[in-house]
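# Commentary on secondary and tertiary structure
One letter stands for each residue in the lines below.
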Amino acid sequence: MSAVSASSLTPLGRIRQWLSRPHLPVNGVLQLDRRRLYILPTLHGLVFAVLLLTMLLTALNYMLNLGLLLTFALTGLGFAVMWHAYRNLLGVELRAGEAEPVFLGQTAWLPVTLSIPAGYARFGLELHCRDQHAAAIDLPAGGSVHALLPWQPVRRGWITLPRQTITSRFPLALFRCWSYSDLPLRVLVYPQPEADAPAAPASTQPDEQSSASRLDDDHPDQLRPYRPGDPLRSIAWKHSARLDSWLTRVGQQGERLERWLDWHTLPSGLSDEARLSRLTRWVLRAEQEEIDYGLRLPGQEVPLGHGPAQLRQCLEALATWGQP
C-alpha cells in the first residue's frame, strides 16, 4: 500500500517526502552525519556561477590565457567554499535541554547544547524553528555551546516544538548547508495572568479541623505537657500516643490566612480561558501575600499550601486543565 502511494507521488513530492523523514536523536544525542546534510547554492552562489561562465566564454572567445587561468582559479575557490560549508556542519552533535515554564504571551527559550567531540571550530551556525528568530552559534574546537532557541507560544499547556533547522553559510555565503533535527523540545506554558483582574476572594482564618489536618507530627517544634485550654489543633497526637501522655506543640509559627480560589465562584459569563487567566492572577497574588491558598477546578483540586512548590502545582494545574 505504501509502495503504491510512493509511486503515485511526483518527483517533487518524493523529494519532499525524503526531506521530511524523521531525524531523531539516539540516546539523547543527534549527530549530523553526511546522510543528514543537504547543500545548495545561495543567490550569491548562483551569481558567482554566472560570472564564472561569462568569464570562461569571454576568455575562450578572445583566447585569453590569463582569463582562463583566473576563471579556473575562481572555480577552484568555489569548490573549496562548498566543501568548507559542508564540513562546517559535519559531526556537530545536538542535545535537548529542559526549558523553564513561561506565561502565555512571553517568549519561551528552549536550551539546546551543541558540541563537537574533536576537531576544528565551527562558525556562523544558525538554529531556528520555522519562522522564529534564529539563534547564532559559534562552536570552539572540541567544545560545546548552550544555545537558547526562541519560541513564541500561542496557547497554554505543554507545547512540543516542531522540527528544528540548523544552517551554515560559512564561508562567503555562496552555499547553504543545512540539516534538520527532531529533538524532543517542549515547554510548559501557563495561562496569561489577567491584566486588570478584580480583587481575589477574602482570606479567612483557618478552622481547627483544617489546621489540625495540616499539622505534621514530625514538625521540629518543641513539645510540652498539655494544659487545660490548649487548642486541639496544637496537640501532637502521634507523640501523645507514643508516650501515653498529652503533649502540646509550642513555638509554632503564626497561623496563616487561608484562601480558596474556586472556579465555580467566578461569574458565569466568563469563558474558560478567561477564568483560567483570572485564577492565574489570583494565584500569583496569593503567593505574594504569603498566605495559604488552594485551587479548585472542575474535576481537580490543589490542597491548601504555600511556597514555590505550591505555586508551581497550581500554575501547572491551570496550564493543563482540560487537556489530555
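Quick caveat, the model's predicted, so the values are computed rather than measured.

## Side note on the pairing of strand β12 (residues 186-190)
Taken residue by residue, a regular strand's side chains alternate between the two faces of the sheet. Across the five residues of β12, four count as buried, placing the element largely inside the fold. Examined bridge by bridge, strand β4 (residues 102-103) and β12 share two bridges and lie parallel to one another. In the sheet register, Val102 faces β12, and the bridge partner there is Val189. As paired strands, strand β9 (residues 157-160) and β12 are joined by four bridges and run antiparallel to one another. Its bridge partner being in β12, Ile159 is matched across the sheet by Val187.

## Concerning the UniProt feature "transmembrane region" (unreviewed entry) in the protein
UniProt records the feature "transmembrane region" (unreviewed entry) for residues 37-60 and 66-86 in the present numbering. With 75% helix and 17% strand, residues 37-60 has its two end C-alpha atoms placed 36 Å apart.

## Here's the deal with the pattern of salt bridges
Considering all chains together, one arrives at nine salt bridges under this definition. Asp33 is the salt-bridge partner of Arg36, the closest N and O atoms lying 3.8 Å from each other. A relative accessible area of 16% places Arg36 in the buried class. A salt bridge links Arg278 to Glu194, with the nearest nitrogen and oxygen atoms 2.8 Å apart. Pair noted here: Arg278 is in helix α7 (residues 272-288) and Glu194 is in the loop between β12 and α5 (208-214), with a separation of 84 residues, a long-range link. The same class applies to Arg278 and to Glu194, which are both buried. Here the salt bridges do not stand alone but share partners, grouping Asp33, Arg35 and Arg36 into one network.

## A closer look at unusual backbone geometry
Note that the residue after Phe170, namely Pro171, is joined by a cis bond; omega there is -5 degrees. Along the chain, the position of Pro171 falls in the loop between β10 (164-168) and β11 (175-181). Of note, Glu290 is a non-glycine position whose phi angle comes to about 55 degrees, a positive value. Tracing the backbone shows Glu290 in the loop between α7 and β16 (292-297). With relative accessibility at 58%, the residue Glu290 sits in the exposed group.

Rules and cut-offs
- Residues numbered from 1 in each chain as written.
- Predicted model: local features only at pLDDT ≥ 70, side-chain atom pairs only at ≥ 80, totals over all residues.
- Heavy atoms only, no water.
- Buried < 20%, exposed > 50% of the residue type's maximum accessible area, 1.4 Å probe, protein only.
- Helix = DSSP H or I, 4+ residues; strand = E, 2+ residues; numbered from the N terminus.
- Pairing = 2+ DSSP bridges.
- UniProt positions renumbered as here; feature names shortened; annotations may be inferred.
- Salt bridge = Lys/Arg side-chain N within 4 Å of Asp/Glu carboxyl O.

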